[in-house]
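# Summary of the model geometry
Each chain is listed here by its residues.
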Number of protein chains: 2
Amino acid sequence: MAKLNRSLIADVEIFNGLQDEDLDTVLEPASALRVAKDAAVFEQGGAAERFFLLLDGALRVVQTTREGQQVIARYIAAGSLVGIAPAIGRDTYPASAVAAVDCVLLSWPMSAWPDLTARFPVFAANAYRTVGQRLQETQDRVIELSLAQVEQRVANAVLRLVRQTGRKTEDGIEIDFPVSRQDIADMTGTTLHTVSRLLSAWESQGMVRSGRKRISVTDPHRLMLVSQGAKDA
Amino acid sequence: MAKLNRSLIADVEIFNGLQDEDLDTVLEPASALRVAKDAAVFEQGGAAERFFLLLDGALRVVQTTREGQQVIARYIAAGSLVGIAPAIGRDTYPASAVAAVDCVLLSWPMSAWPDLTARFPVFAANAYRTVGQRLQETQDRVIELSLAQVEQRVANAVLRLVRQTGRKTEDGIEIDFPVSRQDIADMTGTTLHTVSRLLSAWESQGMVRSGRKRISVTDPHRLMLVSQGAKDA
DNA sequence: TTCCGAAATTGCGTTTGCGCAACGTTGCGA
DNA sequence: TCGCAACGTTGCGCAAACGCAATTTCGGAA
């Protein structure tokens, strides 16, 4: 678990400030795992027995209601901690995490948490900052859902995905994993129909190009205007 | 700062598990303050120089956008920590906190945070659990905003307030601080008009009684059905 | 006690976005 | 290569909720 991973995680932000020997200590109780596309890393309501660091790939964090309706809480990009229930005093996972593409993760048993946070304040601070950022983002989403129209919300969601995982292609900047209309709808509290209509409209105006589970933004600036409520662009 | 407050905070949940002498240590750097109704405890964007414990009263936590639209993030009831930016690695307050009624608080300088959390793991754990709960609640609100209709959301908001601060009166259970239609609208992402219409309708059905900045619930069970999307009740 | 302003009510027209349904498309596995 | 299932598109009607405006009610300050 030691040398092999040190390079893998050398530039993972959460380990900034740790010495090499400390890194080894942190990694000692960890194990690596691969998760295939569409497989779950953990399930909502399940006992929180491990926490994770996403090394490569992207995760979709999904919450499902009793009635089976679902909402995408967020996407997790490589380099982030996931499933850190103990940081917030929980012993079950509040959501499910599903691999959006094939993923590589590190995982630790929860039992390692008290020790890690106690011995590495930098690690603890990083973890709590992550929680804080998620609270902030979630709060921002509440504001958006409360005040913005569907068109602005969808534009924003697309822009966020592009910012997080955008990859340059000949069509513009493409979201680097498969995203369906339904996925975007689940992120913005609307229906796949409305998302489809919006994407079609934007495509005809030359702001995006999209296909089956694929979205590229060709004119980010104009889409940004839309996300800010410009009547036209 | 010692004996006087010990009784005040004897049953504050966040201090559970602390010995008396530890309590004194915790309280040593603290100071008490009173905040009059409608005055701010701290302001969004301001430097986070102190954190607070609400001993008595109720706070409204408000976020305001650049365009001046506002959303009520949450109400804080007595016994909760507020303004704990450092717990999540921030140095400015992400929102403003306004006294909904006259309030009594304890406040600590931020500089006390590292010491307190290091010396009193129970305190730290409580603080992080608070953050976790808020993340959870905020997440739940995203789900609600994404999936539920306005009527259900408003019913839910009223029920939440009643649950948090309900006080028995002859009219049923009353929310224990002034809440305007606009406040409810800011909590649910709708307009004061719609809230007014809903409250009127519910009142004519005998589920609530309400007046100027005052709401009582007379039939919580039926209102609960509404909040769960029952067509009628 | 009176008066003023904030809060609340309510009617009406309009818009947004949903729901349904029918139809087209694409890519993968047999 | 074919067939099918998942994904996407689009037209149409409708309901929910907004926005505006006119009016009323209430409570506190002068």
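Residues numbered from 1 in each chain as written. Chains lettered and ligands numbered in written order. Predicted model: local features only at pLDDT ≥ 70, side-chain atom pairs only at ≥ 80, totals over all residues. Heavy atoms only, no water.

An unreviewed UniProt entry lists chain A under the name Crp/Fnr family transcriptional regulator, with Zhengella mangrovi as the source organism.

## Comments concerning the UniProt feature "domain: HTH crp-type" (unreviewed entry) in chain A
Which entries qualify depends on this criterion: UniProt positions are given in the numbering used here, feature names are shortened, and annotations may be inferred rather than shown by experiment. Secondary structure follows DSSP: runs of H or I at least 4 residues long count as helices, runs of E at least 2 residues long count as strands, and numbering of each begins at the N terminus.
Taken from the UniProt record, the annotation "domain: HTH crp-type" (unreviewed entry) applies to residues 148-221 of chain A. Secondary structure content for residues 148-221 of chain A is 53% helix and 22% strand, while the C-alpha to C-alpha distance between its ends is 19 Å.

## A few points about the packing of helix H5 (residues 150-165) of chain B against helix H6 (residues 181-188) of chain B
Residues and elements named next belong to chain B. Stated precisely, the cut-off is as follows: To get an axis, fit a line to the C-alpha atoms, keeping to the stretch in contact for a helix; angles then go from 0 to 180 degrees between the N-to-C directions. Convention used here: angles under 35 degrees read as roughly parallel, angles over 145 as roughly antiparallel, angles from 65 to 115 as roughly perpendicular, and any remaining angle as oblique. It is the rotation of the near helix from the far one that decides the hand of a crossing: anticlockwise by less than a right angle makes it left-handed, clockwise makes it right-handed. Note on contacts: a residue pair is in contact if any heavy atoms of the two residues lie within 4.5 Å.
Relative orientation of the contacting elements H5 and H6 amounts to 110°, with a least axis distance of 9 Å. One way to sum up the angle between H5 and H6 is to call them roughly perpendicular. By crossing handedness, the relation of H5 to H6 is classed as right-handed. Two secondary-structure elements touch here, H5 through Arg 153, Val 154, Ala 157, Val 158 and Leu 161 and H6 through Ile 184, Met 187 and Thr 188.

## Details of the relation of the copies chain B and chain A
In plain terms, the rule: We place the copies in one frame by least squares, fitting the C-alpha atoms of every residue whose pLDDT is at least 70 in both.
With an RMSD of 0.1 Å, chain B superimposes on chain A once it is rotated by 180° and translated 0.0 Å along the axis. One copy is carried onto the other by what is essentially a two-fold rotation axis. Most of the interface of chain B is mirrored in chain A, where 100% of its interface residues again form contacts.

## Comments concerning the side chain of Ser 180 of chain B
All names here are of chain B. Selection criterion: Categorising residues by exposure relies on relative accessible area from a 1.4 Å probe, with only protein chains included: less than 20% of the type maximum marks a residue as buried, more than 50% marks it as exposed, and the intermediate range marks it as partly exposed. Between N or O atoms, a polar contact is any pair within 3.5 Å; within protein, one atom must be a potential hydrogen donor and the other a potential acceptor, and residues adjacent in sequence are included only when both atoms are from side chains.
Position of Ser 180 among the secondary structure elements: in the loop between strand E10 (172-175) and H6. According to the relative accessible area criterion, Ser 180 is buried, its value standing at 16%. In terms of polar contacts, Ser 180 uses its side chain to reach the backbone amide nitrogen of Asp 183, at 3.0 Å.

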